[in-house]
Amino acid sequence: MENLINDVLLGLLMITGFAIVRMKSLLGVTMLTSIYSLLSASLFVVLDAVDVALTEAAIGAGIATVLMVATVALTTDEEKVPRHTPLLPLLVVMATGAALIYGTLDMPHHGDPLAPAHRYVADSYLHDSPVEIGVPNVVTSVLASYRGYDTLGEVTVIFTAAAGVLALLGYRTRGRNIEAAGIRKQVVLRVIAKLFFPLILLFALYVQFHGDYGPGGGFQAGVIFATGFILYALAFGLGTAQRLIPSQLLRILAAAGVLIYAAVGLESMLLGGKFLEYRVLADDPIAGQHLGILLIELGVGITVASVMLIIYYGFVSRRH
Amino acid sequence: MLSTHLPALQVVLPLASAPVCLLLRHPRHAWACALTISWLVLAIAVMLVQQVAATGTISYAIGAWATPWGIEYRIDMAGALMILVVATIGAVVLPFAGRSIQQEIRKKHSGLFYTCFLLCLAGLLGIVVTGDAFNLFVFLEISSLSSYVLISLGCTRRALTAAFQYLVMGTIGATFILIGVGLLYMLTGTLNMVDISQRLTEVADTRTIRVAFAFVTVGVSIKLALFPLHLWLPNAYTFAPSVVSAFFAATATKVGIYVLLRLFFTVFGIGFSFVAMHVGEIMMLLAAAAMMVASLVAIFQNNVKRMLAYSSVAQIGYIILGISLASRDGVAAGMIHLFNHALIKCALFLSLGCIFLRLGSVELQDMRGLAKRMPWTMAAFVAGGLSLIGLPLTSGFISKWYLVGAALTDGYWPLAVLILLSSLLALIYIWRVVETAYFQVPGAGMPLVKEAPASMLIPAWLLIGANFYIGVDASLVSGIAHQAAGILIEQGVR
Amino acid sequence: MSELLGHYNYWIVIVLMMTGFYIVIARPNLIKKVIGLFIFQTSVFIFFISIAKVEGGTAPIIEEGISVYSNPLPHVLILTAIVVGLATTALGLALVVRIREAYGTINEDDIHVQDEER
């Protein structure tokens, strides 16, 4: 059964991919891209990657789609037919694909439990993390502690994106309420948005603090939190949303998240440990790990949520 | 106590001060913050070089997790040299930036400019010190994303398209690297570079590893603008703000070359890279093509910034040529040229920044008779140009001396001829500028311009001074480079 | 035959990756290019998550009575990569908006023509 679902999803992904190549309406392409992302999120569930699935659904199918729609609205919906036949690109792609397929020939089989990838570092994460860190979700342990430094880098990347969007699109401190005029007349949508808004925020908090035990964590929570506000802005206008969370506050929050993360690392240094060595943060090493993970996930959540909103504000407040 | 944490602080300091910079409202404050940090970063880099020289390779386990479970920071002599290059250039261009950015970038953007500059600095340093293949990808993306922003801040609309083109090619490169890392992980089960290299011996002779090697090599080659994957570079350097061109020309591509060194020697080893995969021959061919073709193209450019950009593609060829020999002398020569070229090219771009400040243009036709108006700036340009050509008493001569020597030792005499030919081409394109600025009379409508301010001239002349110092006494640089090359070759032979 | 069954998953993922790669390098429309990058990257994520799959395993959240889990490490890497991918997409799209404002078009060929004219 699992294999069947797997195959169907892969087939649908291929069809969607080819349709994206062929379709000329950019709005249509955007919708297909969103579907592509949602299909891959479903595939991740089948492949046991629940944390990744949650993230892909929220980021790929959610935020990325919003940004693409906004870009199409600000530019154009039509794709011009290319003048020249794309022969060289086709050759490059064929060669690259052929090289990759050649590379698969010596790979361990899909799902093989004896593959070297599962037998070495990953194996000890599964065995040792309950003792060393004491968190059931191994993905959280690796993400926040063993490879916590990558995650600091990741928060920095998303912070860089915010700085970039601010530099390129800026934002107006006073948004006008014209953007969502279409939706504002729709009473049903507004009522539903009002109902969903607190639920989404509540769910975001759940994902934020339940990440140790189930799928979730700062990234997913941050994105879901931002989605709640985006829905609010869609229903009640950008100006209303900006009165709730002003742009200047977002700037401070985005910076604060990165700083919280870095401060946890520096604090563990001051307490005599290495950078990001959480176990020195409390008397008991396990408690220290818990505290460290809680704090950095909080930093991640704050930065991700505010960066998503900065980017959204940037795109939506842009008008000719 | 602090000295043990230097590897982490080297990267975390600029990384954590970037958000602070974003919050500073006044452009002067943001500039002062970035400047202070860049000098601290240089101080840390100097201390690290001393540490590595005294105690050998430094390893720092982040989070105190032992390798390969955690991420390791690892600095050997080659890494120390690279940190020194990046930190020095960062510390030298920021004083220059104060005035230059004020003119070239809108006031409300300058805080964001310094934020992105610090992020880029942190990213580049992170790439150099990390010993983890995936962490390298993360920091590569930090440096790349901030570079796209920095380039897009240039004052013409073509800066936007240049940044977009770089974004597309850079992301393809990064994704190729990601695929390669995935394939390596698939067969070795680890991400730590030293650990990968040890576990690779059993599985090296598989098709999967060969493909992994090809993908990371192509990905990194895009980042370092190896001919013919250099297409993003000329536009990016031409349309970026002056400071950004100077900083990138000296650091971004150089860090890419360093990653290539790490891959060929530390991760895959000489036996695999150079004997089984024949990467030496391929690189030699591409490097030779870069030296000739890019130098030829540079001659026909009328925008001097673009001319220098093509010259950079050619000079990257020289460095890769040294590395492709896979001998201690060859790699050392490549690294010496890497160091020297970073100083020279940065100085040249800085002097162009001075010209742009006064003229608002770097087109050759606008520079007629400029030497009388801006004697110090033009003198700096000429001094840098001489070094680019490789005249004796300049650092460029030292690099070419070692390069020719290494090529001849291995019996590649045609390469020595190529190096001389390419230098001749460099003479032509530098001469075009000299001829225009010194021997032509300014046109009737040309503005009467003043010499550039000292805050901009001093950084350029500092680098020119270093260049002449190395030209006379190269023992320090050559010593470090030979030691670094020795370690790399030692890691490569297994 | 077993060779085919063991690898066909990866082959489909490679086709997906190449679809994205093709859109990036063959299409002159800038939005399409960004979308191509997005598809390319998402397909690479699928590739990584496929590496992590262990036959008969379950999600790597430790529970009593379960002994086989899928590999958590690629999951962590891809969580990071997804966020990096979004950052790239956001920046790319922001550039597209600005390019449209400056050139009045988002077609690479038209932009090229405009640049040559000046």
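The coordinates are above.
Just so we're clear, the structure is a prediction, and the values are computed from it rather than from any experiment.

Caption draft 1: Structural detail: the overall build of chain B. Along the backbone of chain B there are 19 helices and two strands. Taken over the C-alpha trace, chain B has a radius of gyration of 21 Å; the compact-globule value for 494 residues is 23 Å, and the two agree within 12%. Its C-alpha atoms give chain B principal-axis dimensions of about 75 × 55 × 40 Å. Considering chain B as a whole, with its 494 residues, one finds that 71% of them fall into the buried category. For chain B, contacts bridging at least 24 residues in sequence account for 80% of all contacts bridging at least 6. Split by element, the accessible area of chain B, about 14,800 Å² in all, is 68% carbon and sulfur. Once the 27 positive and 17 negative side-chain charges of chain B are each reduced to a mean point, those two points are 15 Å apart.

Caption draft 2: Region of interest: the overall build of chain C. Helices and strands together make up the secondary structure of chain C, namely four helices and zero strands. Each helix (α) and strand (β) of chain C, taken in turn from the N terminus, gives the series α-α-α-α. What you see for chain C is a C-alpha radius of gyration of 20 Å, clearly larger than the 13 Å of a compact globule of 118 residues, by over 25%. When the backbone C-alpha atoms are referred to their principal axes, chain C occupies close to 70 × 35 × 15 Å. Split into buried and exposed, the 118 residues of chain C put 75% on the buried side. Pairs at least 24 apart in sequence give 46% of the contacts found in chain C among residues at least 6 apart. On chain C, roughly 3,300 Å² of surface is accessible, and the fraction owed to carbon and sulfur atoms is 53%.

Caption draft 3: How the structure looks around the interface of chain A and chain C. Across the contact, 98 residues belong to chain A and 79 residues belong to chain C. Of the roughly 8,000 Å² buried between chain A and chain C on both sides combined, carbon and sulfur atoms contribute 75%. In this structure, the connection of chain A to chain C is made through four salt bridges. When the shortest N-O distance is used, the salt bridge between Glu101 of chain C and Arg318 of chain A registers 2.7 Å. Linking chain A to chain C there are 24 residue pairs in polar contact (both at pLDDT 80 or more). Tallied by class, the residues present in the side of chain A that touches chain C amount to 60 nonpolar, 24 polar and 14 charged.

Caption draft 4: Main features of the nonpolar core. With 377 residues, the main nonpolar core has Tyr149 and Phe275 of chain A, Tyr114, Phe265 and Phe268 of chain B together with Phe47 of chain C as its most contacted residues. Residue contributions to this core peak at 22 residues, all from helix H10 (residues 242-276) of chain B. Apart from residues no more than four positions distant in its own chain, Phe275 of chain A is found in contact with Tyr149, Leu152, Ala262, Gly265, Leu266, Ser268 and Met269 of chain A together with Ala8, Val12, Tyr60, Ile62 and Gly63 of chain B. Among the nonpolar cores identified, the runner-up in size contains five residues, and Ile200, Ala204, Val207 and Ala221 of chain A belong to it.

Caption draft 5: Seen up close, the packing of helix H3 (residues 77-104) of chain B against helix H13 (residues 328-359) of chain B. Residues and elements named next belong to chain B. Between H3 and H13, whose axes approach to 11 Å, the crossing angle comes to 0°. One way to sum up the angle between H3 and H13 is to call them roughly parallel. Note on element contacts: H13 touches H3 through Met335, Leu338, Phe339, Ala342, Leu343, Cys346, Leu350, Gly353, Cys354, Phe356, Leu357 and Arg358, opposite Ala78, Leu81, Met82, Val85, Ile89, Val92, Val93, Phe96, Arg99, Gln103 and Glu104. For the contact of H3 with H13, a count of residues per class yields 18 nonpolar, two polar and three charged.

Caption draft 6: Main features of the side chain of Thr394 of chain B. Residue and element names in this part refer to chain B. When you line up the elements, Thr394 lands in the loop between helix H15 (375-389) and helix H16 (395-409). A polar atom in the side chain of Thr394 sits 2.5 Å from the backbone oxygen of Leu391. Beyond its immediate chain neighbours, meaning those up to four positions away, Thr394 contacts Leu386, Ser387, Asn467, Phe468 and Gly471.

Caption draft 7: Up close: the packing of aromatic side chains. Under the criterion given, the structure shown has 34 aromatic pairs over all chains. Plain terms: the ring middles of Phe203 of chain A and Tyr206 of chain A are 6.2 Å apart, the flat faces sit at 25° to each other, and that makes the pair stacked. You can see Phe203 of chain A and its partner Tyr206 of chain A sitting in helix H10 (residues 187-210), three residues apart, about one turn around the helix. Arg157 of chain B extends its terminal NZ or CZ atom over the ring of Tyr103 of chain C, reaching a point 4.0 Å from the ring centre.

Caption draft 8: Structural view of the interface of chain B and chain A. Each side of the interface is counted separately: chain B has 61 residues, and chain A has 51 residues. The junction of chain B with chain A conceals about 4,900 Å² of combined surface from both sides, 71% of it contributed by carbon and sulfur atoms. Summed over the three residues of chain B that lose the most area to chain A, namely Trp65, Trp69 and Arg207 of chain B, the buried surface amounts to 16% of that side. The interface formed by chain B and chain A includes two salt bridges. When the shortest N-O distance is used, the salt bridge between Asp106 of chain A and Arg207 of chain B registers 3.0 Å.

Caption draft 9: Looking closely at the pattern of salt bridges. Considering all chains together, one arrives at 14 salt bridges over all chains under this definition. With its nearest N and O atoms 3.3 Å apart, the salt bridge here joins Arg119 of chain A to Asp123 of chain A. Looking at Arg119 of chain A, the relative accessible area reads 42%, which means it is partly exposed. Across the pair Glu108 of chain C and Lys33 of chain C runs a salt bridge whose closest N-O atoms are separated by 3.7 Å. Highlighted residues: Glu108 of chain C in helix H4 (residues 108-117) and Lys33 of chain C in helix H2 (residues 30-52), separated in sequence by 75 residues. Each of Glu79 of chain A together with Arg27 and Lys32 of chain C takes part in salt bridges that share partners, so that together they form one network.

Caption draft 10: Molecular detail of unusual backbone geometry. All names here are of chain B. Going from Thr67 to Pro68, the amide bond is cis rather than trans, its omega being 0°. Take Pro68: it is sitting in the loop between strand S1 (58-61) and strand S2 (72-75). Cis peptide bonds are those with omega within 30 degrees of zero, and the linkage from Phe227 to Pro228 qualifies with 0°. Turning to its location among the elements, Pro228 is positioned in the loop between helix H8 (207-223) and helix H9 (232-239). Positive phi is not limited to glycine here, since Ala64 has a value of about 60°. By the secondary structure assignment, Ala64 is in the loop between S1 and S2. Given a relative accessible area of 26%, Ala64 falls into the partly exposed group.

Caption draft 11: Quick look at a nonpolar patch on the surface. All names here are of chain A. A grouping of Leu199, Leu202, Leu205, Phe209, Leu291, Leu294, Leu295 and Leu298 is seen on the molecular surface, where their side chains present a nonpolar patch of about 710 Å² in accessible area. If you list the elements that add at least two residues to the nonpolar patch, you get H10 and helix H14 (285-316). Relative to the assigned elements, Leu202 resides in helix H10. Looking at Leu202, the relative accessible area reads 57%, which means it is exposed.

Caption draft 12: Fine view of the environment of Gln220 of chain A. Tracing the chain through its elements places Gln220 of chain A in helix H11 (residues 218-236). A residue is classified by how much of its surface remains accessible, and Gln220 of chain A, at 3% relative accessible area, is buried. Gln220 of chain A sits 80 residues away from Val300 of chain A along the chain, and the two C-alpha atoms are 9.6 Å apart. With residues near it in sequence (within four places) discarded, Gln220 of chain A still touches Asp51, Leu54, Thr55 and Val207 of chain A together with Leu79 of chain C. Reaching out from Gln220 of chain A, the side chain makes a polar contact with the backbone oxygen of Asp51 of chain A at a distance of 3.3 Å.

Caption draft 13: Representation of helix H2 (residues 27-55) of chain B in the model. For H2 of chain B, which comprises 29 residues, the first-to-last C-alpha distance of 42 Å matches the rise-based estimate of 42 Å (1.5 Å per residue) to within 8%. Downstream of H2 of chain B by a residue or two, Gly56 of chain B has a phi angle that is positive, lying close to 85°.

The rules behind each value
Residues numbered from 1 in each chain as written. Chains lettered and ligands numbered in written order. Predicted model: local features only at pLDDT ≥ 70, side-chain atom pairs only at ≥ 80, totals over all residues. Heavy atoms only, no water. Helix = DSSP H or I, 4+ residues; strand = E, 2+ residues; numbered from the N terminus. Rg over C-alpha atoms; globule rule 2.2 N^0.38 Å. Buried < 20%, exposed > 50% of the residue type's maximum accessible area, 1.4 Å probe, protein only. Contact = heavy atoms within 4.5 Å. Areas by Shrake-Rupley, 256 points an atom, 1.4 Å probe, with all protein chains shown as cover. Lys, Arg positive; Asp, Glu negative; His and termini not counted. Charge placed at Lys NZ, Arg CZ, Asp CG, Glu CD. Buried area = accessible area lost by both parts, 1.4 Å probe. Salt bridge = Lys/Arg side-chain N within 4 Å of Asp/Glu carboxyl O. Polar contact = N/O pair within 3.5 Å; in protein donor to acceptor, adjacent residues only side chain to side chain. Nonpolar A, V, L, I, M, F, W, Y, C, P; charged D, E, K, R; others polar. Core = buried A, V, L, I, M, F, W, Y, C linked by side-chain atoms within 4.5 Å. Axes fitted to C-alpha atoms, helices over the stretch in contact; angles between N-to-C directions. Parallel < 35°, antiparallel > 145°, perpendicular 65-115°, else oblique. Phe/Tyr/Trp six-rings, centres within 6.5 Å; stacked < 30°, edge-to-face > 60°. Lys NZ or Arg CZ within 6 Å of the ring centre and 35° of its normal. Patch = residues over 30% accessible without salt bridge, like charges linked within 9 Å, V, L, I, M, F, W, Y side chains within 5 Å. Expected span 1.5 Å × (residues − 1).

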